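Residues per chain, in single letters:
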Amino acid sequence: MAEIENKSLSNSSIIPLQNHIDGAWEPVAKQRDAPLCNANTGEVIDQQRESSPEQLERALLTAERAYRSNGTWSSSSPAVRAEHLLAAAALLDTKAADIAALDSLLTGAVIHLTTRLAAICAAAFRGAAALLGEENDERVPGDLLIERRALGPAAIIGPWNAPAGILSHKLASALAAGCPAIIKPSEWAPYSAQLIVETLQEAGLPGDACQLLHGGGAAGAALAADPHIASVSFTGGLAAGRAVAAACAAQLKPAQLELGGNNPLLVLEDADLEAAACGIVTGLITLNGQWCRAVGRLLVHRRQQQALLDLVAEKLGNLVCGSSLDQHSEMGPLAHRAHRELIQKQVSRLIALGGETRQYTRLPQLQGWFYPPTLVTGLTPELTIDEIFGPVACVHCFDDDAQAIQLANQTPFGLAAYVFGEPQHCWKIAEHLRCGVIKINAVTLLNLSPEAPRPAWGLSGLGDEGTRETFEFFRGTRVIGVAG
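All figures in this text were calculated on a predicted structure; none of them were measured in a lab. (Residues numbered from 1 in each chain as written. Predicted model: local features only at pLDDT ≥ 70, side-chain atom pairs only at ≥ 80, totals over all residues. Heavy atoms only, no water.)

## Things to note about the overall build of the chain
Helix and strand content of the chain: 14 helices and 22 strands. Against the globule reference of 23 Å for 484 residues, the chain gives a C-alpha radius of gyration of 23 Å, in line with a compact fold. Projecting the C-alpha coordinates of the chain onto the three principal axes gives extents of approximately 70 × 60 × 40 Å. Taking contacts inside the chain between residues at least 6 apart in sequence as the whole, the part at least 24 apart equals 74%. (Helix = DSSP H or I, 4+ residues; strand = E, 2+ residues; numbered from the N terminus. Rg over C-alpha atoms; globule rule 2.2 N^0.38 Å. Contact = heavy atoms within 4.5 Å.)

Set out below in C-alpha cells:
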C-alpha cells in the first residue's frame, strides 16, 4: 500500500479491494450499489464490493480443510503461533500511521484518536502471544488430561467504527487459539482490514490461517449460518446481532456479540460540575458519538441541571469540529451519508414528540457528513429508551438516588454507565446499576484496565470480551483419560 499522508489523502493512495482466499489475493466478484466516500468531503473514493457465493464457499472449505486436516496453523505449537503473532505485531507497528489514516478517512474519526486506536492493533497481537506463553495442559493423577483446544474455523464480522482495533483484537485471539479465521470487515470501512491481512502474510502466517472476504450484510449472514464455522465473533448493531445469534442458535455454536447501548451518565448532587461537563463532552464527541459506549442519556440532579448545561454549552461552543485528517480537529464527520440521515430522522422524531434540541458547535465549511453534538431536553424518560448511535444525548432530571438508579436501569441495554460525584457516593450508586462496565468520574474510550473484561448485559450483547475472555471464546475443553 502506498504511503499515506495524514493530512492529504488522495485516491491514488487507496489500493483496490481484494479478497484473500487460500493464500492468494483475488478481485472481489462484484460491485455493490453503494460508494465508499471521504467522510469529510463526500468525495467518492471507490465502490463497495460483494464477494460471490463461490468465493464464500472456497474460503469456507479452505478454513475447514485447514482445521480438519490438522493444517499447519491449527497443529502448530503455542510457541510457534506466538512467534508469528509477535512478528505480525512488529510489522503492524510500522503500518500504524497508514491504518490510522485509512480509518480516519472513511469513518470520520479524528486522526489523533485513530492513531491511538491503530496502536491497539499491534498490542492485541502481543497480548494474544503473551497468553500463549502461559499455556499448560493440566495432567492430573490417574492418566487424566484436561486441555483447551481450538473449536474450529472462526468467523469474525467487524464494525465500521474503530474497525482496525476491534478486528485486530478478535483476529489475534482466534489465531492464538489455533482457529483458522475468516474475517469480513464492514463494507463501509474495509481498507484497514486488508492492510492487516497483508501484514499477516508478510509475517509468514500460512495462507489458510486467515482469509478475508469483502461484502455487506448478506456475506456476514452467510458466514454466520454456515456449518463449517464453529464460532462467530460479531460487533455491530442490535438487528444484525439478533440475526447472528439466531443463525448460531440453530447450530448450537457459540456467538460472541458486542452490540449497542443507550448508556447513562449520572451527575449526582455532589458532583464536580467541571469534571462532569468534560465527561459529557467526551461522551458525545469520541468517535463522533459513533461508539457503543457513547453517552445516550444524561441524568442530572435537579439542583445541578442549569449550571451543568451552561458549562456544557460553553465547552461545545468552543469545540473545534473539522476534517478528521486535521490534527487540530476535536470532532469530525459521521461515517457516511445514510448514517447522518438516520441520525437526523431520529432527532426529528424526538422533536415531534416535544423535545427541544440544543446545539452549540460550529460546523466546518466542508461537504462531508457533519452533525453537531446535540442535547435533547423536554421529554419524559419513557420516550428516550432507544439508542441513537451518534453525538446525541437526551437530558433528564432526578431528585434522589433511587430515582437516578431507576432511570439508569430503565433501558433494556447494559453496556456502560458513568457516574460523577463524591467517589464513595458514586460507588454506592454503581453497585445498583445493571450494566457491564461502570466508570466513576471520567468518560474514556479505552477499558479500565488491559486485564479487565468488557461485559455486555441485556440487549447490549452476549458474552464478555477481553484479552483472555476472547481468546477463551474460540476454544473448547477436551478431557482424555483411561476409563475405570
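## Examining empty space enclosed by the protein
The gaps left among the atoms become clear once a water-sized probe is rolled over them. As enumerated under the stated definition, the model contains eight cavities of 30 Å³ or more in all. Breaking the lining of the largest cavity down by element, the ones donating at least two residues are β12 (263-267), β17 (413-414) and β18 (416-420). Of the residues belonging to the lining of the largest cavity, the class tally is eight nonpolar, six polar and one charged. (1 Å grid on protein atoms, 1.4 Å probe; cavity = no way out; pocket = protein on both sides within 12 Å on 5 of 7 lines; lining within 4 Å. Points joined across faces, edges and corners; volume = space filled by probe spheres on them. Nonpolar A, V, L, I, M, F, W, Y, C, P; charged D, E, K, R; others polar.)

## Description of the packing of aromatic side chains
Across all of its chains, the model carries two aromatic pairs by this definition. The interplanar angle of 80° and the centroid separation of 5.7 Å between the aromatic rings of Trp160 and Phe389 together place this pair among those described as edge-to-face. Here Trp160 is found in the loop between β7 (154-157) and α5 (163-177), whereas its partner Phe389 is found in the loop between β15 (374-377) and β16 (392-398), with 229 residues between them in sequence. The two residues Trp160 and Phe389 agree in class, both being buried. (Phe/Tyr/Trp six-rings, centres within 6.5 Å; stacked < 30°, edge-to-face > 60°. Buried < 20%, exposed > 50% of the residue type's maximum accessible area, 1.4 Å probe, protein only.)

## Notes on unusual backbone geometry
One non-glycine residue, Asp22, lies in positive phi territory at about 55°. Turning to its location among the elements, Asp22 is positioned in the loop between β1 (18-21) and β2 (24-27). Judged by relative accessible area, which is 41%, Asp22 ranks as partly exposed. One non-glycine residue, Ala162, adopts positive backbone phi at about 50°. Along the chain, Ala162 falls in the loop between β7 and α5. Since its relative accessible area comes to 15%, Ala162 is described here as buried.

## Structural notes on the pairing of β12
The side chains of a regular strand alternate between the sheet's two faces. Most of β12 is tucked away: five of the five residues are buried. Side-chain alternation along β12 places Asn263, Leu265 and Val267 on one buried face and Pro264 and Leu266 on a second face that is also buried. As paired strands, β12 and strand β13 (residues 295-301) are joined by five bridges and run parallel to one another. Following the sheet pairing, Leu266 is matched in β13 by Leu299. Running through helix α9 (residues 273-285), the crossover from β12 to the neighbouring parallel element β13 is right-handed. (Pairing = 2+ DSSP bridges. Right-handed = clockwise from strand over helix to strand, strands pointing away.)

## What about the nonpolar core?
Ranked by internal contacts, the top residues of the largest apolar core, which has 57 residues, are Phe125, Leu171 and Leu175. Ranked by residue count, the leading element in this core is helix α4 (residues 111-132), at ten residues. Not counting chain neighbours up to four residues away, the residues in contact with Phe125 comprise Leu85, Ala88, Ala89, Leu92, Ser168, Leu171, Ala172, Leu175 and Leu200. (Core = buried A, V, L, I, M, F, W, Y, C linked by side-chain atoms within 4.5 Å.)

## So, the sheet that holds β16
Reading across from one edge, β14-β15-β16-β13-β12-β18-β19 is the order of the seven strands in this open sheet, with mixed pairing throughout. At either margin of the open sheet sits one strand with a lone partner, and together these are β14 (356-359) and β19 (437-440). Ignoring which end each strand starts from, the neighbouring axes of this sheet average 25° apart. Here β18 pairs with β19 via four bridges, running parallel. Bridging from a neighbouring strand, Val419 pairs with Ile440 of β19. Taken strand by strand, helix α11 (residues 337-352) contacts β14, β15 and β16, and its axis lies near 30° from that of β16. (Axes fitted to C-alpha atoms, helices over the stretch in contact; angles between N-to-C directions.)

## Points about α5
The end-to-end C-alpha distance of α5 is 21 Å, a good match for the 21 Å that 15 residues give at a rise of 1.5 Å each. Within α5, 15 of the 15 residues are buried, which leaves it mostly tucked inside the rest of the structure. Gly178, located one to two residues past α5, shows a positive phi value of around 95°. (Expected span 1.5 Å × (residues − 1).)

## Some remarks on the side chain of Thr199
With respect to the element layout, Thr199 can be found in helix α6 (residues 191-202). Residues in contact with Thr199, not counting those within four places in the same chain, are Ala88, Leu91, Leu92 and Lys95.

## Considering the side chain of Asn40
Inspection of the secondary structure puts Asn40 in the loop between β3 (30-37) and β4 (44-50). Here Asn40 falls in the buried class, since its relative accessible area comes to 2%. Within the local environment of Asn40, its side chain forms a polar contact with the backbone nitrogen of Ser324, the two atoms lying 2.7 Å apart. (Polar contact = N/O pair within 3.5 Å; in protein donor to acceptor, adjacent residues only side chain to side chain.)

## What to know about the state of the cysteines
Here a disulfide denotes a covalent bond joining the sulfur atom of one cysteine to the sulfur atom of another. Tallying each qualifying case throughout the model produces zero disulfides. Cysteine Cys292 is unpaired, with the sulfur of Cys435 as its nearest cysteine sulfur at 12 Å. Exposure remark for Cys292: the relative accessible area of 13% places this residue in the buried category. (Disulfide = S-S within 2.5 Å.)

## Details of the pattern of salt bridges
Taken as a whole, this structure holds 20 salt bridges when the rule is applied. For the salt bridge of Arg32 with Glu50, the shortest nitrogen-to-oxygen distance reads 2.8 Å. Highlighted residues: Arg32 in strand β3 and Glu50 in strand β4, separated in sequence by 18 residues. Ionic pairing is found between Arg475 and Glu472, a salt bridge with its closest N-O pair at 3.0 Å. Given the relative accessible area of 22%, Glu472 is considered partly exposed. (Salt bridge = Lys/Arg side-chain N within 4 Å of Asp/Glu carboxyl O.)

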